[in-house]
Amino acid sequence: MNIQKLILIFGIFLFGDFNLSAQLSPGDLSNAHVSFEGVTNCTKCHVVGNKVTREKCLDCHKEIKANIAAKKGYHASAEVNGKECSVCHNEHHGRNFQLIRFNKKIFNHALTGSVLKGEHAKKECTACHKPAFIKDPKLKKKISTYLGLTQECLLCHDDYHQGKLSPKCATCHNYNSFKNATGFDHNTTRFPLLGQHKTVSCEKCHKVLIINGKKSQNLSGLAFANCIDCHKDVHNNKLGQNCKLCHTEESFLFNKALKVFDHDKTNFKLLGKHKLVDCKQCHKGPKLTTPIKHENCKDCHVDYHKGEFAKKDVSPDCNHCHNNNGFTPGTYTIEQHNASKFPLDGAHIASPCMACHKKQGIWTFRNMGSRCIDCHKNEHKGFIKEKFMPNEDCIVCHKVKNWKKITFDHDKTGYKLEGSHALIACGECHYGKNEKGIRTQQFDGLSRECSSCHKDSHVGQFAVNGKTDCTRCHGFDKWEHAKFDHTTSRFKLDGAHVTVRCEECHKPVMNNKGKYIEYKFSDISCSKCHS
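Residues numbered from 1 in each chain as written. Predicted model: local features only at pLDDT ≥ 70, side-chain atom pairs only at ≥ 80, totals over all residues. Heavy atoms only, no water.

### Remarks on the overall build of the protein chain
Next, step 1: In terms of helices and strands, the protein chain carries 16 helices and 6 strands.
Next, step 2: Over its C-alpha atoms, taken along the principal directions, the protein chain stretches across nearly 145 × 105 × 35 Å.
Next, step 3: Sorting the 531 residues of the protein chain into buried and exposed places 14% on the buried side.
Next, step 4: Sequence separation of 24 or more characterises 38% of the internal contacts of the protein chain that already satisfy a separation of 6 or more.
Next, step 5: A total accessible area of about 41600 Å² is found for the protein chain, and carbon and sulfur atoms account for 56% of it.
Next, step 6: Side chains of the protein chain carry 81 positive and 54 negative charges; the gap between the two charge centres is 7 Å. (Helix = DSSP H or I, 4+ residues; strand = E, 2+ residues; numbered from the N terminus. Buried < 20%, exposed > 50% of the residue type's maximum accessible area, 1.4 Å probe, protein only. Contact = heavy atoms within 4.5 Å. Areas by Shrake-Rupley, 256 points an atom, 1.4 Å probe, with all protein chains shown as cover. Lys, Arg positive; Asp, Glu negative; His and termini not counted. Charge placed at Lys NZ, Arg CZ, Asp CG, Glu CD.)

Laid out in C-alpha cells, this is it:
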C-alpha cells in the first residue's frame, strides 16, 4: 500500500458519517498515555497493520532502553528481557487502568540486580521508591516510577559521618542495624586495639559532637601518638611521657618492673588464685614494701562462718578445709566427717555438702540436729503408732545404706508374716490409692481376715458365720498345696475313692455367683455320681 492510498483511506474515515474513534480504538488509553489519544497518534505506538512492538515502546521509554543496553535493572533480567512490553503493560482499558501491576509481596527484588537484606527486606516499596531519592531530574518528575534509584547508601540515608569516612557504608555496617559497625576491624587502622583498649566503648574515645547542627561521631583525626593524648598523666610529667616504659595496655595498675619480681623469694609464696590478685589488693599502703600480716588466712579474709568452728573463741584457720585454688570445693574429707558427731554412712556419703549444709541458702554447720526428722519429713506421722516408731526414729524400719530394704520385726504387731507374706513389699498391704487416685497409707486398724486382701474364689462355700478362714486348707508357702483333710468332711474317702483325682468330683459350675469349683454338695449319695 503506497502513501497516496493510505491518505485516501484516512480521508474517508475522517469525513465519513460514522464515529471514527468508535470504529478504530478498542478503548480509552490510560492516564499515562492520554496524550496519544486520537487516530493521528496511532502509529506512535502501533506499526501499520501490526500490533504494538517492543521497539516502539522503548523509543519513548528511553530510560528503560538504556538500562537494558547496560544490562542492569529488572527489564534486563532473564525474566523480562526479550519479551514484548504489551505482555505485562496492556492499553485501551480505560483512563484509570494501572499499567504497572505486580504482586509486591512475592516480587523477587533480586531480579533488579539489588538483593534486599536485613531491615531493607522488611520495608514497603514506597519507603524507598519515591522522588526524594531519585537523582535524575526527568525521572524525579514522574508521578510513579520504580526507576532512578542506585545502591548508594547515602542516596536514602543521611551521612552521619558528614563526609569524613567512605560513602560505602556496608564496609563497616550491616543491613540489620547501623548502630553496630560489625564489619569494622580497628586492627586495620594505625591504632590496633590491645589489652584493655579492646573493652573500652567506642564513645569513650570517639566522642559524639555537634557538627553543622547535627550529631556526628568523631572517628578520624584523633591524636594517639602518646598515652597522655587520652589519659591523664598521674605522675605530672615527673617520669616523662612514655608510659609504655612502665605500663602496658593490659593494666595501668601493673608495673612492668613487677613482672620480673619473684614473690616466692619472700616468706609468702603465691599459690593458686593468689597469683591472679592485683598487688594493690594486698599491698594497700603507699609502698609495696610496707610489711603486712600474712601468717593466717583471716589476716586478709573475713571468717565467712562467723565463728561456727571456734573453740574457746578461737576460730581455726581457713586452710583446715580450703586451699589457695578457691574456697570451693572444700578439702574437708569424709574421714574427717566420720570423726565428728555425725558419721556419714550409706546414701549420706553420696550427698553433696550443700544438700545438708546450705538448705537455707547460707552455709551452716552447727545445731543442725542429728535425727532423721531433722532433715527428712516423717511421712508416716499419724499412721504408725509411737510404740512401733519410738521418738520418730526411722532407723527402726529403714537403713541408710538401702532405704527401701525394711528391717521391721512384724511379729511385734501380733501378726506374724509367714511364707509368701514375708516376701512381699510393705506397700502391697499398707499402701493404696483413694477414689481420686491419691496415694494413701494405713498401718493401724488393718483387718487380718484373708478376704480383706484376697478374693474368695470359693464364693463362700467354706464360710463360717460369714467369714472364710483360708488357713484351714491353705498354707502361706504354696497356695496350691492344700492341707484339707477329706476324712473330716461328710464324705470320707475310702476304697477306690482314695485314688480319684479331686477334679473328677469337684468340677466347675456356673450360677448367679459366677463360675467356681463346686466343693460342697447337698446330695452325697452314690447315685449323685454313679448311675
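After that view of the structure, there is still more to cover.
### So, the packing of aromatic side chains
Next, step 1: This structure, assessed with the given rule, holds 9 aromatic pairs.
Next, step 2: A ring pair is formed by Tyr431 and Phe443, whose centres lie 6.2 Å apart and whose planes are at 90 degrees; its orientation type is edge-to-face. Residue Tyr431 is found in strand β3 (residues 431-433), and its partner Phe443 is found in the loop between β4 (439-441) and α15 (502-505); the two are separated by 12 residues along the sequence.
Next, step 3: Taking relative accessible area as the criterion, Phe443 reaches 25% and is therefore assigned partly exposed. (Phe/Tyr/Trp six-rings, centres within 6.5 Å; stacked < 30°, edge-to-face > 60°.)

### As for the pairing of strand β6 (residues 514-517)
Next, step 1: Here strand β5 (residues 508-511) pairs with β6 via 4 bridges, running antiparallel. Within the sheet, the bridge partner assigned to Pro508 lies in β6 and is Ile517.
Next, step 2: Linking β5 to β6, which pair antiparallel, is a turn of 2 residues. (Pairing = 2+ DSSP bridges.)

### A word on helix α4 (residues 62-69)
Next, step 1: Every buried residue of α4 is accounted for by Ile64, Asn67 and Ile68. Within α4, the buried residues cover an arc of 100 degrees as seen down the axis, which keeps them to one side. Those residues of α4 that are exposed and aimed more than 90 degrees away from the buried face are Lys62 and Ala69.
Next, step 2: Note on α4: the residue one or two positions beyond its end, Lys71, has a positive phi of about 55 degrees. (Arc of directions from axis to C-beta.)

### Observations regarding unusual backbone geometry
Next, step 1: The step from Thr328 to Pro329 runs through a cis peptide bond, and the omega angle for that step is -5 degrees.
Next, step 2: One can find Pro329 in the loop between α9 (279-282) and α10 (334-338).
Next, step 3: Non-glycine residue Asn212 carries a positive phi angle of around 55 degrees.
Next, step 4: In this structure, Asn212 sits in the loop between β1 (208-211) and β2 (214-217).
Next, step 5: Overall, the relative accessible area of 70% leaves Asn212 in the exposed class.

### Structural notes on the environment of Cys297
Next, step 1: Summarising the element assignment, Cys297 is placed in the loop between α9 and α10.
Next, step 2: According to the relative accessible area criterion, Cys297 is partly exposed, its value standing at 23%.
Next, step 3: Linking Cys297 and Asn319, residues 22 residues apart in sequence, is a C-alpha distance of 7.3 Å.
Next, step 4: Once residues within four sequence positions are removed from consideration, Cys297 is found in contact with Asp317, Cys318 and Asn319.

### Points about the pattern of salt bridges
Next, step 1: Tallied over the entire structure, the rule returns 10 salt bridges.
Next, step 2: Here Glu119 and Lys122 are joined by a salt bridge, their closest N and O atoms 3.2 Å apart.
Next, step 3: Between Lys293 and Asp299 there is a salt bridge; the shortest N-O distance is 3.8 Å.
Next, step 4: Classification of Asp299 as partly exposed rests on a relative accessible area of 26%. (Salt bridge = Lys/Arg side-chain N within 4 Å of Asp/Glu carboxyl O.)

### Considering the nonpolar core
Next, step 1: Leu58, Ile64, Ile68, Ile134, Leu139 and Leu147 form the largest nonpolar core, which has 6 residues in total.
Next, step 2: Setting aside anything within four residues of it in sequence, one finds Leu58 in contact with Ile64, Lys65 and Ile68. (Core = buried A, V, L, I, M, F, W, Y, C linked by side-chain atoms within 4.5 Å.)

### A closer look at a negative patch on the surface
Next, step 1: Residues Asp409, Asp411, Glu418 and Asp477 make up a contiguous surface patch of negative charge.
Next, step 2: Positionally, Asp409 belongs in the loop between α13 (372-375) and α14 (427-430). (Patch = residues over 30% accessible without salt bridge, like charges linked within 9 Å, V, L, I, M, F, W, Y side chains within 5 Å.)

### Quick look at the state of the cysteines
Next, step 1: In the structure shown here, the tally under the stated rule is 0 disulfides.
Next, step 2: The cysteine Cys85 is free of any disulfide, with Cys57 supplying the nearest cysteine sulfur at 4.0 Å.
Next, step 3: Between Cys156, a cysteine without a disulfide, and Cys128, which holds the nearest cysteine sulfur, the sulfur-to-sulfur distance is 5.2 Å.
Next, step 4: Relative accessible area serves as the criterion here: at 29%, Cys156 is assigned to the partly exposed category. (Disulfide = S-S within 2.5 Å.)

### A few points about a nonpolar patch on the surface
Next, step 1: Among the surface-exposed residues, Phe491, Leu493, Val498 and Ile524 lie close enough to one another that they form a single nonpolar patch of about 300 Å² accessible area.
Next, step 2: On the secondary structure map, Val498 appears in the loop between β4 and α15.

### What about the side chain of Ser114?
Next, step 1: Considering the arrangement of structural elements, one finds Ser114 in the loop between α4 and α5 (137-140).
Next, step 2: The class of Ser114 is buried, set by a relative accessible area of 18%.
Next, step 3: Residues contacting Ser114, with those up to four places away along its chain left out, are His109 and Gln151.

### Focus on the confidence of the model for the protein chain
Next, step 1: Chain-level pLDDT for the protein chain is 85 on average; 93% of the residues reach the 70-or-more range.
Next, step 2: The element-level mean pLDDT for the protein chain is lowest in helix α1 (residues 3-15), coming to 42, with α4 highest at 92.
Next, step 3: Below pLDDT 50 for its whole length, residues 1-23 participates in 8 contacts with residues either more than four positions away or in separate chains. (pLDDT = per-residue confidence, 0-100.)

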